[in-house]
Amino acid sequence: MSAAPLTIENAPRQVRTTPDEPSLDSSLGLTQAEAQRRIAEVGYNELPEKEENLLLRFLGYFWGPIPWMIEVAAVLSLVVKHWVDLVIILVMLVFNAAVGFWQEYQASNALAALKKSLALTARVRRDGAWRQVAARELVPDDVIRIRPGDIIPADVKLLGGDYLSVDQSALTGESLPVDKQPGDPAYSGSVAKQGEVIAQVTATGTRTRFARAAKLVEQAGAVSHFQKAVLAIGDYLIYVSLGLASVLVITQLIRGESLLSIFQFVLILVVAAIPVAMPAVLSVTMALGAVALARMKAIVSRLQSIEEIAGIDVLFSDKTGTLTANKLSLGEPVVVAASGAQELLLAAALASKAENGDAIDDAVLSGLQNKEALTGYEQVRFAPFDAKRKRTDATIRTADGRSFDVAKGAPQVIFDLCDLSSDTRNSAEKRVDEFAARGFRTLAVSRKQGDDAWKLQGIIPLYDPPREDSAEVIREAREHGIDVRMVTGDNLAIARETSRQLGLRENILRADELFTDADATASPTRDEQIEDAGGFAQVYPEHKYEIVRALQRRGHLVGMTGDGVNDAPALKQADVGVAVSGATNAAQSAASLVLTAPGLNVIIQAVEEARRIFERMTSYATYRITETIRIMFFVVLAMLAFNVYPITTVMIILLALLNDLPILTIAYDNTRLSPRPVRWDMRRVLTVSTILGLVGVAETFGLLLIGKLWMGMPAAQLQSLIYLKLAVAGHMTLFVVRTEKPFWSRPFPSRALLAAVLGTQAVAALIVGFGFLVAAIPWSYVALVWGYCLVWLFIEDRVKVQIYRHLDHQGKRHRSFLGRVQATLHPQPASNPQA
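Conventions and cut-offs
Residues numbered from 1 in each chain as written. Predicted model: local features only at pLDDT ≥ 70, side-chain atom pairs only at ≥ 80, totals over all residues. Heavy atoms only, no water. Helix = DSSP H or I, 4+ residues; strand = E, 2+ residues; numbered from the N terminus. Buried < 20%, exposed > 50% of the residue type's maximum accessible area, 1.4 Å probe, protein only. Contact = heavy atoms within 4.5 Å. Areas by Shrake-Rupley, 256 points an atom, 1.4 Å probe, with all protein chains shown as cover. Polar contact = N/O pair within 3.5 Å; in protein donor to acceptor, adjacent residues only side chain to side chain. pLDDT = per-residue confidence, 0-100. Pairing = 2+ DSSP bridges. Axes fitted to C-alpha atoms, helices over the stretch in contact; angles between N-to-C directions. Core = buried A, V, L, I, M, F, W, Y, C linked by side-chain atoms within 4.5 Å. Phe/Tyr/Trp six-rings, centres within 6.5 Å; stacked < 30°, edge-to-face > 60°. Lys NZ or Arg CZ within 6 Å of the ring centre and 35° of its normal. Expected span 1.5 Å × (residues − 1). Patch = residues over 30% accessible without salt bridge, like charges linked within 9 Å, V, L, I, M, F, W, Y side chains within 5 Å. Salt bridge = Lys/Arg side-chain N within 4 Å of Asp/Glu carboxyl O. Parallel < 35°, antiparallel > 145°, perpendicular 65-115°, else oblique. Left-handed = near helix turned anticlockwise from the far one by under 90°. Nonpolar A, V, L, I, M, F, W, Y, C, P; charged D, E, K, R; others polar.

Visitor: What is the right way to look at the overall build of the protein in this model?
Guide: A tally of regular secondary structure across the protein gives 28 helices and 24 strands. In the protein, which comprises 835 residues, the proportion classed as buried is 54%. The contacts of the protein with a sequence gap of at least 6 include a subset with a gap of at least 24, amounting to 73%. Carbon and sulfur atoms form 57% of the exposed surface of the protein, whose accessible area is close to 35,400 Å².

Visitor: Explain the side chain of R123 to me, please; I cannot follow it from the model alone.
Guide: With respect to the element layout, R123 can be found in strand β1 (residues 121-126). Using a relative accessible area of 18% as the deciding quantity, one classes R123 as buried. At 2.4 Å, the side chain of R123 and the side chain of D150 are in polar contact.

Visitor: I keep staring at the confidence of the model for the protein and nothing clicks. Help me out?
Guide: For residues with low pLDDT, the predicted coordinates do not support detailed interpretation. In this model, the protein carries an average pLDDT of 80, and 84% of its residues clear a pLDDT of 70 or more. At the low end of the mean pLDDT range in the protein sits helix α1 (residues 11-14), at 35; at the high end sits strand β16 (residues 403-409), at 94. Contacts from residues 212-223, a stretch scored under 50 in pLDDT, to residues over four places away or in other chains number 30 contacts. Segment residues 821-835: pLDDT under 50, and 16 contacts once partners within four positions in sequence are set aside and those in other chains are kept.

Visitor: Sorry if this is basic, but what is going on with the sheet that holds strand β9 (residues 197-203) here?
Guide: Hydrogen bonds along the backbone pair up the strands of a sheet, which may run parallel or antiparallel. Strands sit in the order β2-β1-β3-β9-β4-β7 across an open sheet of 6 strands; the sheet is antiparallel. With partners counted over all chains shown, the strands left at the sheet margins are β2 (129-134) and β7 (185-186), one partner each. Where strand β4 (residues 155-160) and β7 come together, 2 bridges link them in antiparallel fashion. Paired with V156 across the two strands is A186, which belongs to β7.

Visitor: What's the story with the sheet that holds strand β8 (residues 191-194) in this structure? I'm lost.
Guide: One open sheet accounts for 3 strands, arranged β6-β5-β8; its pairing is antiparallel. Edge positions in the open sheet fall to β6 (178-180) and β8, since each of these has one partner strand only. Within the sheet, the average angular offset between the axes of one strand and its neighbour, ignoring direction, is 40 degrees. Across 3 bridges, the pairing between strand β5 (residues 164-167) and β8 is antiparallel. Within β8, the position partnered with V166 by the bridge is A192.

Visitor: Would you mind showing me how to read the environment of I152 here?
Guide: Tracing the chain through its elements places I152 in the loop between β3 (143-146) and β4. With 30 residues separating them along the chain, I152 and A122 place their C-alpha atoms 8.5 Å apart. Setting aside residues no more than four positions away along its own chain, I152 makes contact with I146, L164, V166, A186, Y187, S188, G189 and S190.

Visitor: Whenever I open this one, unusual backbone geometry confuses me. Can you help?
Guide: Leaving glycine out, the prevailing phi sign among residues is negative, and the prevailing peptide bond configuration is trans. Phi is positive for D141, which is not a glycine, with a value near 80 degrees. Checked against the element boundaries, D141 lands in the loop between β2 and β3. For D141, a relative accessible area of 23% gives the class partly exposed. The backbone of K297 shows a phi angle near 70 degrees, a positive value even though the residue is not glycine.

Visitor: Could you clarify how one ought to interpret the nonpolar core in this entry?
Guide: Nonpolar side chains tend to gather and get buried jointly when the protein is soluble and globular. Core analysis: the biggest nonpolar cluster contains 78 residues, and L248, L269, V635, I647 and Y723 have the highest contact counts within it. With 14 residues, helix α26 (residues 715-737) is the single largest residue contributor to this core. Discounting chain neighbours no more than four positions away, the residues touching V635 are F265, L269, P646 and I647.

Visitor: I'm lost on the packing of aromatic side chains in this one. Help?
Guide: For any pair of aromatic rings, the description consists of the separation of the ring centres together with the inter-plane angle of the planes. For the structure shown, the criterion picks out 10 aromatic pairs. Ring plane angle 55 degrees and centroid distance 6.1 Å describe the contact between F435 and F440, whose orientation is recorded as tilted. Summarising the aromatic geometry, the rings of F743 and W744 are spaced 5.2 Å apart at their centres and angled 80 degrees between planes, so their arrangement reads as edge-to-face. In this structure an aromatic cluster arises from ring pairing among F435, F440 and Y463. If you follow R136 out to its NZ or CZ, it ends over the ring of Y44, 3.8 Å from the centre. Sitting above the plane of the Y540 ring, K390 keeps its charged end 4.7 Å from the centroid.

Visitor: Help me out: how do you make sense of α26 in this one?
Guide: Every α-helix carries 3.6 residues per turn, so stepping three or four residues along brings you back to the same face. For α26, with 23 residues, the first-to-last C-alpha span of 32 Å sits near the 33 Å given by 1.5 Å per residue. Along α26, 20 of the 23 residues are buried, which leaves the element largely enclosed by surrounding structure.

Visitor: Before we go on, may I ask you to explain helix α15 (residues 422-437) in this structure?
Guide: Under the 1.5 Å per step criterion, the end-to-end length of α15 is 22 Å for 16 residues, consistent within 8% with the ideal 22 Å. Considering only its buried residues, α15 is in contact with β13 (334-335), α14 (411-417), β17 (440-448), β18 (455-463) and α17 (492-502). Phi turns positive one or two residues past the end of α15, at G439, with a value near 90 degrees.

Visitor: Teacher, can you tell me more about the environment of I530 here?
Guide: Summarising the element assignment, I530 is placed in helix α19 (residues 524-532). Distance from I530 to R554, taken between C-alpha atoms, is 9.8 Å for residues 24 residues apart in sequence. In contact with I530, not counting residues within four places along its chain, are R485, L514, F515, F536, I547, A550 and L551.

Visitor: Which parts of the structure should I look at to understand the side chain of H731?
Guide: Considering the arrangement of structural elements, one finds H731 in helix α26. For H731, a relative accessible area of 1% corresponds to the buried category. Polar contacts involving the side chain of H731 include one to the side chain of T760, which spans 3.1 Å. Each residue touching H731, except ones within four places of it in the same chain, is listed here: Y623, L658, N659, P662, V757, T760 and Q761.

Visitor: Honestly, a nonpolar patch on the surface in this entry has me stumped. Any pointers?
Guide: A surface patch of nonpolar side chains, about 340 Å² in accessible area, is lined by V72, L253, L259 and F263. Structurally, L259 is set in helix α8 (residues 259-273).

Visitor: I keep staring at the pattern of salt bridges and nothing clicks. Help me out?
Guide: Should the charged atoms of two oppositely charged side chains come close, the side chains can pair. Evaluated as defined, the whole model comprises 46 salt bridges. The partner of E41 in a salt bridge is R37, and the shortest N-O contact between them spans 2.9 Å. Taken together, the positions of E41 and R37, both in helix α2 (residues 32-42) and 4 residues apart, correspond to about one turn of that helix. Under the relative-accessibility criterion, E41 is labelled exposed at 55%. For D393, the salt bridge goes to R391, with nearest N and O atoms at 3.2 Å. Taking the relative accessible area as the measure of exposure, R391 reaches 19% and is therefore buried. Each of E34, R37, R38, E41 and D141 takes part in a single network of salt bridges with overlapping partners.

Visitor: Any chance you could explain the environment of E608 here in plain terms?
Guide: Checked against the element boundaries, E608 lands in helix α23 (residues 600-642). Under the relative-accessibility criterion, E608 is labelled buried at 17%. Residue contacts for E608: discarding those within four places in its chain leaves H480 and L673.

Visitor: Where do I start with the packing of α23 against α26 in this structure?
Guide: Two numbers describe a pair of packed helices, the interaxial angle and the distance between the axes. The contact between α23 and α26 brings their axes to 9 Å, and the two run at 155 degrees. Of the possible angle classes, the one that applies to α23 and α26 is roughly antiparallel. As α23 packs across α26, the resulting crossing turns out to be right-handed. Between α23 and α26, the contacting residues are S619, T622, Y623, T626, E627, R630 and F634 on the first element and I722, K725, L726, A729, G730, H731, T733, L734 and V737 on the second. Residue composition of the contact of α23 with α26, by class: 7 nonpolar, 6 polar and 3 charged.

Dropping the structure here:
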């Protein structure tokens, strides 16, 4: 059975905290057995998602512009009694629906797995102990702890603690945080900004006031810039296809062709030319890429973030825990008012909370030799660290009932708190600078009795060594075209020393001097200073936001790391906001990339994988444009020139069916890793694909002339010859466009892509060799087509390489010109005094 319900009236007597563990009444909270019983009774703490009927989802693939065109073609085949055409068209219709359905199903399953990885958690008291559970497992009367950065997981009533400042703008529209006191309610989905409290769950799931849970992952329907660009290509191909088809219809009608026959042929031709598989390829490529990133301990909260990750050229990294190991060791303390080093550490320990798992608190507590000394004190009030105050403080009660306050935090903050003489302050600041020059962070500790002034107890040096892999990872990032810069709240000397150890640039600026109230507005001069800086020290969260904005104004794609609730605006503003391992719920909800392992290496791995995904998408776009131009222009020009159908309706359908299988394996292909950030370049893709498409038209026309004029083939066999050529050459184009280098360069195609291409090539050869649905041709002609296509494979590849070299040369000239213009318009000063 559960404990008696906790009420506001008796909560203050039950809720008491100490530095080690909240000293709570043993009856506080529920048992695990009772929680399970209530889950069975009231359900999980989540909003039920409407599950779409799979059959209805599948039938939806028969409704839309592309299915309508195929269905009209089927009806026309029925009217003119072309039974073979009818069967093949219906097979194409069902096949397209099945492929689209299966790929969407795979993508949705991948997204569901990602959402599960980002599920909210809560600290709840069960069976008399605090534990971490999934937020969906909370039930009414559970007792939870809420800390800054938490997304409140259910409707609650505050029990103990000083106060809680919550941001509930997403729920009520209030722009400013709202202060809550014990006894006040707080609602699911709001974000804890300041304070730390104990609260009792009052409603869960659909019974919450706003009936909504905080969602960390956006739905798959959001469209990225890249997806929009590829969909725009689809529209372009539709317009080109319809334009050419109109020319063909008008010409054939003038020549006396039957309206039904030409209309049916043109419909099928347009369907084959339009990228029917594009939505499936996009969704499965992005989703499988996101799953690959998750295996690397980097979870994308929005699929469209993958493009931005691939394109970042500046990455701002927090120092602690990302560039450093976040394993603090104590140096020799500097004692001021304390009687000795252990008394100084005791005061610091009383201003800590062991259960919070904070690295600084853990280091302080580990340095305290006599931990039993803590049992003689009761922590009656505790104000946790936040990025604005830069300190923790607590009110302590001794066993004999006397009270005093302790505080620990950033030296400059604690020094300002204390009434120090100029000599004492100068001496203390000198020691801090000495420690900083050796790479030590410092923690100042103060104490006050009653209404007396705060007294500086001493200074505790802490050393956080760089991660063993940080310097190597930074070097790799530079090779990838990413400029890694440090942002830290530590002082300038520590930032410079850490930068020196890691091989980063040492021209570090003080953010608190760069961003002053008197100079709040952006300026080109300050933006240039920010762009030129190697990093920033003494950074407050609002500075991160301004740093991101400044570099975005300078044309950079910016990545920014963060972990706290106050980092959320900068993470949301950045092109790629990275919530580091252990980040708060609020930081995770604002970020586009959530790390589940520490270190900069995880981010660089995510960038590499995102660039590979981007390459796959670019290859697909180039291939689709090339093939549409090749097929549409060739068929229309051949009919205009010779007044014959170069291929039949059945052949067009077979081409479309066989092309879909290799295309769908692009998501699994091996791709090169671009040495520089990648961005969508429509001009580049259109130029390459258009030229390759026109080369393909010339290639196919050449074979048509050989077969018609030189070999004197009958019309039916000539159609089979051209069909085989389009099938073989089309698939070979995949090998051409998948890399900017010669097609035989590493990385080689994946086994999946190679098997799909060779398999469909074999099927196409068997169809024409044995005459299935088409006129049979001699096997020697099959070999001729393969040899012809292989020769043209090398020609196409040579043309492609030359195009890319020309475009790269133009790009370098363009960048050089822009650089000279910028240098003329904004000459750099001889020196930068702030650097």
